[in-house]
Every structure is written in structure tokens, then in C-alpha cells.
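In case you want the letters, here they are:
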Amino acid sequence: MQSLFNTSLILMGKGMLAIFVVIFLIFFVLLFLGKTKKKEE
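Residues numbered from 1 in each chain as written. Predicted model: local features only at pLDDT ≥ 70, side-chain atom pairs only at ≥ 80, totals over all residues. Heavy atoms only, no water.

S.K.: How would you sum up the overall build of the chain? Please name residues and give values.
M.R.: Scanning the chain from terminus to terminus reveals one helix and zero strands. C-alpha atoms of the chain, sized along the principal axes, occupy 60 × 5 × 5 Å. With 41 residues in all, the chain has 0% of them scored as buried. (Helix = DSSP H or I, 4+ residues; strand = E, 2+ residues; numbered from the N terminus. Buried < 20%, exposed > 50% of the residue type's maximum accessible area, 1.4 Å probe, protein only.)

S.K.: Any details on the packing of aromatic side chains? Residues and values, ideally.
M.R.: Under the criterion given, the structure shown has one aromatic pair. Each ring, one from Phe 27 and one from Phe 28, has its centre 5.4 Å from the other, and the planes form 65°; the classification is edge-to-face. (Phe/Tyr/Trp six-rings, centres within 6.5 Å; stacked < 30°, edge-to-face > 60°.)

S.K.: Give me the lowdown on the environment of Met 16, citing residues and values where you can.
M.R.: With respect to the helices and strands, the residue Met 16 is situated in helix α1 (residues 2–40). Taking the relative accessible area as the measure of exposure, Met 16 reaches 43% and is therefore partly exposed. Taking C-alpha positions, Met 16 is 21 Å from Gln 2, a pair spaced 14 residues apart along the chain.

S.K.: Lay out a nonpolar patch on the surface in plain terms, naming residues and giving numbers.
M.R.: On the surface, Phe 5, Leu 9, Met 12, Met 16, Ile 19, Phe 20, Ile 23, Phe 24, Phe 27, Phe 28 and Leu 31 cluster together into a nonpolar patch covering about 1,100 Å² of accessible area. Relative to the assigned elements, Ile 19 resides in helix α1. Under the relative-accessibility criterion, Ile 19 is labelled exposed at 52%. (Patch = residues over 30% accessible without salt bridge, like charges linked within 9 Å, V, L, I, M, F, W, Y side chains within 5 Å. Areas by Shrake-Rupley, 256 points an atom, 1.4 Å probe, with all protein chains shown as cover. Salt bridge = Lys/Arg side-chain N within 4 Å of Asp/Glu carboxyl O.)

From the geometry alone we can't say anything about function, so treat these as descriptive.
Quick look at the structure:
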């Protein structure tokens, strides 16, 4: 039972890390697009 709980915690941690990585990637892409848009104007 304990090993199953530990496995689920590891899997949940990997999923949350992946979500944060995707959020930061989207944030930096939008930040980069905003800066290039201001330079054109």
C-alpha cells in the first residue's frame, strides 16, 4: 500500500511539473511576441 502511495505522489509531481513548464513556456512566448509587436509600431 505504501509503495502504491509513493508511486502516485511521484506521478502527481511529474504532472504538476509538466503543467508549470507549459505555463512558463506560454508566458515567455507571449512576452516575446509582445516585445516584437511594440518594436514594429
